[in-house]
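# Coordinate analysis (summary)
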Amino acid sequence: MVETNLPVFFLRDVVLLPYNELRMEFSADIDKKILEHSELRHDNHILFVNLIDTLEEKPNVRKLPKIAVLGRVKSKLTLPNGNVRTVITGIDRVEVLNYIENDTSIYEAFVIPTKDYDYNELESNALKRILFKDLNNYIEISSYVSNNVLGRINGVNNISKLTDIITHEMNFDYLSKIKYVEMPNPMNRLKLIIEDLNREIETVKLENVLEENLKDKLDEEQKNYILREKIRLIKEELNETDIKDSE
């Protein structure tokens, strides 16, 4: 990929990562215009840029990220209500040289490929083992992610693809996932996802303990209530209710 310009679509609540897909529905006229522009001039390619300030209507081009994700509209369907339903495929991270706003109010960006990173194969293999172990532990104790992710990463040795697939599947919040988009070095992403995964494991463990304690407390209260009701009914049968019991 050489230097090229691409139409820009701003993401405010979801994150597109390479090697993954997003299903998105567009209703705004400007969004449909971007899709049309992309189809006519860019072979359905669009640059997907995540905004930190999700309420920002007109982004300042000087504050936009320098790393974003090149995506392609894989399929597009116009619904009876006029909305356009799409499947978007994330292709790769790219470096943004500059952003411009053209006469049609569509933002465009000039992009180039991110540079390649060398890394120690022995270290990456050790980190991958740690990651797989932590991921299995997380799946066992958490309901936030299914074991489908294990099928998706089965046989994947490329650490860039590996980290992007797992990040997509994880229950990380919007801002946390943006960190991975803006981190082109796959070894740094591999180390970060191990840190985040361990933090999630500790959080889920604490949630499970709190939930179990609450359940035990509720069970005890329910048990006491049933016993009190039984005592009341027995006393009624024996005509032993007094004023205090009635109250």
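The structure under discussion appears in the preceding block.
Right, let's walk through the structure included here. Starting from 1, residues in each chain are numbered consecutively following that chain's sequence as written. Per-residue local features are limited, in this predicted model, to residues with pLDDT of at least 70; the limit for side-chain atom pairs, both in listing and counting, is 80 or more; totals at the level of whole chains, interfaces and linings are taken over all residues. Computation of side-chain values: all heavy atoms of the structure, hydrogens and water removed.

## Points about helix α4 (residues 159-169)
Along α4, eight of the 11 residues are buried, which leaves the element largely enclosed by surrounding structure. To sort residues, take the accessible area from a 1.4 Å probe on protein chains only and compare it with the maximum for the residue type: under 20% means buried, over 50% means exposed, and anything in between is partly exposed. Only DSSP runs of H or I covering at least 4 residues are called helices, and only runs of E covering at least 2 are called strands; the numbering of each starts at the N terminus. Among the residues of α4, I159, S160, L162, T163, D164, I165, I166 and T167 are the ones counted as buried. Two N or O atoms form a polar contact when they lie within 3.5 Å of each other; inside protein one atom must be a possible hydrogen donor and the other a possible acceptor, and for residues adjacent in sequence the pair counts only when both atoms belong to side chains. Measuring from the backbone nitrogen of S160 back to the side-chain oxygen at the start of α4 gives 2.8 Å, which picks out N158 as the cap.

## Quick notes on the environment of T114
Topologically, T114 is positioned in the loop between β6 (107-113) and α2 (121-141). A sequence separation of 19 residues divides T114 from E95, and the C-alpha atoms of the two residues are 5.4 Å apart.

## Remarks on the pattern of salt bridges
One speaks of a salt bridge when a side-chain nitrogen belonging to Lys or Arg is within 4 Å of a carboxyl oxygen belonging to Asp or Glu. In the structure shown here, the tally under the stated rule is 12 salt bridges. For D43, the salt bridge is made with R72, and the minimal N-O distance between the two is 3.1 Å. Taken together, the residues D43 in the loop between α1 (29-41) and β3 (45-50) and R72 in strand β4 (residues 67-78) connect sequence positions 29 residues apart. For R72, a relative accessible area of 30% puts it in the partly exposed group. With its nearest N and O atoms 3.6 Å apart, the salt bridge here joins D164 to R189. Of the two residues, D164 sits in helix α4 while R189 sits in helix α6 (residues 186-237), which places them 25 residues apart along the sequence.

## Here's the deal with α1
Relative to the 18 Å expected for 13 residues at 1.5 Å per residue, α1 spans 18 Å between its end C-alpha atoms, a close match to the ideal helical length. Turning to α1, its buried residues number three or more, namely D31, I34, L35, H37 and S38. All buried residues of α1 fall inside an arc of 165 degrees around its axis, so they share one side. In α1, those exposed residues whose orientation departs by more than 90 degrees from the buried face are D29, L40 and R41. What a helix should span is 1.5 Å times the count of its residues minus one. In this description, the arc belongs to the directions extending from the helix axis to the C-beta atoms.

## So, the environment of M183
Within the secondary structure layout, M183 lies in the loop between α5 (174-181) and α6. Spatially, the C-alpha atom of M183 lies 15 Å from that of G90, the residues being 93 residues apart in sequence.

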